[in-house]
Amino acid sequence: MSDGNIEVELNYPDVVSQGNDFVLTTTVKAKSDNISNITITVSSPEIEIMQNDFHVLSLAKDSTLGNNFELKIKQEVPNGNLLINLAVEYFIKGFFDEKPVKNTLTKAIAFNVQSKPILILDAVAPDSVFAGEPFSIRGTIKNHGDDAKNIQIIVESKQVVLEGKKIFSLTSLDTGKTENFEFVVQTPKILSVPTHVIVNIDTSYADESGKTYNQEDSINVFARLRGMLEIGDAGGVWIGDFFIAPVVGVGTIVSSVIGFLIFLWHMKNKKKKRAKR
């Protein structure tokens, strides 16, 4: 929140839960001279607060002062968005003003009220993989709700048996936090036909009270056998399980030619010596 005379920086959590305390931090900065009687007020019928205003008698230019509002969402407030109104009033005396002039700034702050964890999972994998060869499934999991406990993510498929690292565990994930995960798995080495494998990603977790939740996600991976002469990334070929990459630089070609010419010269000299004998 700011205008030409004053700036108020706000810091608060994105997600809050019913019955729990949280802090709204305000930091006031004066951008002009002769600012006085700054008052910050917080209000909402859905919150409980012991002291809903903060007053500063005066503040010199470029000076800052902070304050914490300790708030609590009422227990009966439903899940969803909640708005808290914040007003900043101050007085400033200009060069031609007989007395200080009152100015007001207002802002509605939106909070997401949630009584349970809400985990959003985002996972990616290669579009195509070779049968029997490891590939990675990477992603992130973010908590958009209340704190989550005992998180476990498992990858499986009903079409083929996946082998490798298939379980990711996390003790807790606080509100608004994000965590990275990775699985390294592989399909059976022998597949009768190329298969669009649906990889199921099952997530289980609990809230503060111990109540458990489950959610399901999935990704699609195309698995096939590697061909006998499969073209590789380096312009080479696959022969069975072996990759041959015939990548030769110009320097290598030149040095090889020079070496071959030196070899011929030595052979010619040896023949001349033998002929003289």
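Residues numbered from 1 in each chain as written. Predicted model: local features only at pLDDT ≥ 70, side-chain atom pairs only at ≥ 80, totals over all residues. Heavy atoms only, no water.

Q: It is not clear to me how the sheet that holds strand β13 (residues 148–156) should be interpreted in this structure. Could you clarify?
A: The strands making up a sheet associate through hydrogen bonds between their backbones, and the pairing can be parallel or antiparallel. One open sheet accounts for five strands, arranged β11-β18-β17-β13-β15; its pairing is mixed. What marks the edges here is a single partner per strand, and that holds for β11 (128–130) and β15 (167–173). Between one strand and the next, the sheet's axes are offset by a mean angle of 30°, whatever the strand orientation. For β13 and β15, the ladder comprises six bridges, and the chain directions are antiparallel. Bridged to K149 within β15 is S172. (Pairing = 2+ DSSP bridges. Helix = DSSP H or I, 4+ residues; strand = E, 2+ residues; numbered from the N terminus. Axes fitted to C-alpha atoms, helices over the stretch in contact; angles between N-to-C directions.)

Q: Help me understand unusual backbone geometry, please; the structure alone is not making it clear to me.
A: Phi at D62 takes a positive value of approximately 70°, unusual for a residue other than glycine. Relative to the helices and strands, D62 resides in the loop between β6 (53–59) and β7 (64–73). Relative accessible area serves as the criterion here: at 52%, D62 is assigned to the exposed category. Its identity as a non-glycine residue notwithstanding, N150 has a phi of 50°, on the positive side. Summarising the element assignment, N150 is placed in strand β13. Residue N150 is classed as exposed on the basis of its relative accessible area of 56%. (Buried < 20%, exposed > 50% of the residue type's maximum accessible area, 1.4 Å probe, protein only.)

Q: Looking at this structure, how should I read a negative patch on the surface?
A: Where like charges cluster on the molecular surface, the negative patch consists of D21, E46, E48, E70 and E76. Along the polypeptide, E76 turns up in the loop between β7 and β8 (80–92). (Patch = residues over 30% accessible without salt bridge, like charges linked within 9 Å, V, L, I, M, F, W, Y side chains within 5 Å. Areas by Shrake-Rupley, 256 points an atom, 1.4 Å probe, with all protein chains shown as cover. Salt bridge = Lys/Arg side-chain N within 4 Å of Asp/Glu carboxyl O. Lys, Arg positive; Asp, Glu negative; His and termini not counted. Charge placed at Lys NZ, Arg CZ, Asp CG, Glu CD.)

Q: Would you explain the pattern of salt bridges in this entry?
A: Pairing is possible between side chains of opposite charge, provided their charged atoms come close. Scanning all chains against the criterion turns up four salt bridges. Here K149 ties to E208 by a salt bridge, and the two come within 3.9 Å at their closest N and O atoms. Highlighted residues: K149 in strand β13 and E208 in the loop between β17 (195–206) and β18 (212–224), separated in sequence by 59 residues. For K149, a relative accessible area of 26% corresponds to the partly exposed category. Here E208 falls in the partly exposed class, since its relative accessible area comes to 48%.

Q: Which parts of the structure should I look at to understand the environment of K142?
A: Inspection of the secondary structure assignment puts K142 in strand β12 (residues 135–143). It is 8.9 Å that separates the C-alpha atoms of K142 and N180, two residues lying 38 residues apart in sequence. Setting aside residues up to four positions removed in sequence, K142 forms contacts with I118, L119, I120, L173, G176, K177 and T178. (Contact = heavy atoms within 4.5 Å.)

Q: In this structure, what is going on with the packing of aromatic side chains? I would like to understand it.
A: Any two aromatic rings considered together are summarised by their centre-to-centre distance and by the angle between their planes. Per the stated rule, a full pass over the model turns up five aromatic pairs. Here Y12 and F111 contribute two aromatic rings whose centre-to-centre distance is 5.1 Å and whose plane-to-plane angle is 55°, an arrangement assigned as tilted. You can see Y12 sitting in the loop between β1 (6–11) and β2 (15–16) and its partner F111 sitting in strand β9 (residues 101–113), a full 99 residues away along the chain. Measuring from centroid to centroid gives 6.1 Å for F168 and F181, while their planes differ by 50°, and the two rings are tilted. Taken as a pair, F168 in strand β15 and F181 in strand β16 (residues 178–186) lie far apart in primary sequence, 13 residues in all. F181 shares its class with F168; the two are buried. Three or more aromatic residues joined by ring pairs form one cluster here, namely Y12, F22 and F111. (Phe/Tyr/Trp six-rings, centres within 6.5 Å; stacked < 30°, edge-to-face > 60°.)

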